[in-house]
Amino acid sequence: MKSKKFNINYKWTINAFIFSFIFAVILNFSSDVLLKKSNIIIAFFVLLVIVLIGVLSDIIGIAVATGTEEPFHSMASNKVFGAKQSIKLIRNANIVTNICNDIIGDISGIVSGAALSSIIAKLSISSTKSTIYATIFGGILSAVTIGGKSLGKNLGMYKSQSIIFAVGILLAWFEKNTGIEFFPSNSKKNKK
C-alpha cells in the first residue's frame with residue numbers, strides 16, 4: 001500500500017503567521033482603544049461585535065468547506081458578478097477555512113476574553129465580587145460564542161451556496177475597486 005506524500009505549504013504557513021499577527025494586533029488595539037474610551041453599555045456592544053466576527057467567520061469557513069462549485073459555473077459563463085470569486089473561494093477552501101475558522105475565529109475568541117476582563121475591571125468592584133462577575137460573565141460569553149458557532153455551522157452547511165455567493169460578491173466588489181485579487185484566476189482546485 002502506497003502512502004501519500006505529505007507536503008507542507010511553507011509559503012502559506014508564513015503568510016498565515018503574518019496575517020494572524022496583523023489581524024490580532026488590529027483587533028486587540030481597536031478593542032482596547034474602544035473599551036478604554038467607552039461606557040459599560042458600549043463596552044458590551046464592542047464585545048458582542050468581536051463575538052459576531054468570530055461567528056460570521058466560522059459560518060463562511062464551513063460554507064466554503066461544504067460548498068460545491070458546479071452551480072457557479074453557468075453563472076460565471078454568464079458573467080454574473082461574484083460568480084468567478086465564488087469558484088475561487090471553493091477552489092481555495094483549505095486556505096479560506098484556515099483563515100476563517102482558525103485565524104479569525106480563534107483570535108476573536110482570545111480578544112473577546114481580554115475584552116471581558118477589561119469590562120470587569122471597568123466595573124470597579126471589590127476583588128471578591130470581581131471573581132464572581134468574571135466567572136458568571138465568562139460562562140455567558142463562552143455559551144454565547146459556542147452556541148452562536150453551533151448555529152452558524154448549521155447555517156453554513158445548509159445555506160453554503162448562498163453564503164459563498166454573498167462573499168463572492170463582496171470579493172468581486174473589493175477586487176473591482178482596489179485591483180487586488182485574493183486568489184489567482186487560474187487557481188487549481190485545492191479542496192480536499
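Above this text you will find the structure in question.
Residues numbered from 1 in each chain as written. Predicted model: local features only at pLDDT ≥ 70, side-chain atom pairs only at ≥ 80, totals over all residues. Heavy atoms only, no water.

Caption draft 1: The overall build of the protein chain, seen in detail. A tally of helices and strands in the protein chain yields seven helices and zero strands. When the helices and strands of the protein chain are placed in sequence order, the string is α-α-α-α-α-α-α. Residues classed as buried in the protein chain amount to 36% of the 192 residues present. Of all intrachain contacts in the protein chain linking residues separated by at least 6 positions in sequence, the fraction that spans at least 24 positions is 80%. Just so you have it, the protein chain exposes about 12,100 Å², and 68% of that area is on carbon and sulfur atoms. (Helix = DSSP H or I, 4+ residues; strand = E, 2+ residues; numbered from the N terminus. Buried < 20%, exposed > 50% of the residue type's maximum accessible area, 1.4 Å probe, protein only. Contact = heavy atoms within 4.5 Å. Areas by Shrake-Rupley, 256 points an atom, 1.4 Å probe, with all protein chains shown as cover.)

Caption draft 2: Structural view of empty space enclosed by the protein. All told, the structure shown has one cavity of 30 Å³ or more when counted by the stated rule. Approximately 40 Å³ is the volume found for the largest cavity. Every residue along the wall of the largest cavity is listed here: I50, V51, G54, G105, S108, G109, S112, T145 and K149. Elements with a contribution of two residues or more to the lining of the largest cavity: α2 (40–66), α5 (93–122) and α6 (127–158). No other element matches α5, which puts four residues into the lining of the largest cavity. Grouping the amino acids of the lining of the largest cavity by side-chain chemistry returns two nonpolar, six polar and one charged. (1 Å grid on protein atoms, 1.4 Å probe; cavity = no way out; pocket = protein on both sides within 12 Å on 5 of 7 lines; lining within 4 Å. Points joined across faces, edges and corners; volume = space filled by probe spheres on them. Nonpolar A, V, L, I, M, F, W, Y, C, P; charged D, E, K, R; others polar.)

Caption draft 3: Local environment of the side chain of S31. Structurally, S31 can be placed in helix α1 (residues 10–36). Its relative accessible area of 7% is what places S31 among the buried residues. If we skip the residues at most four places from it in the chain, S31 touches V46, I50 and V111.

Caption draft 4: Geometry of the nonpolar core. By size, the foremost hydrophobic cluster in this structure holds 39 residues, and its most contacted members are L89, I107 and I164. Among the secondary structure elements, those contributing two or more residues to this core are α1, α2, α3 (70–77), α4 (83–91), α5 and α7 (160–178). Contacts of L89, omitting those with residues within four sequence positions, involve V64, V96, I164, V167, G168, L171 and F183. (Core = buried A, V, L, I, M, F, W, Y, C linked by side-chain atoms within 4.5 Å.)

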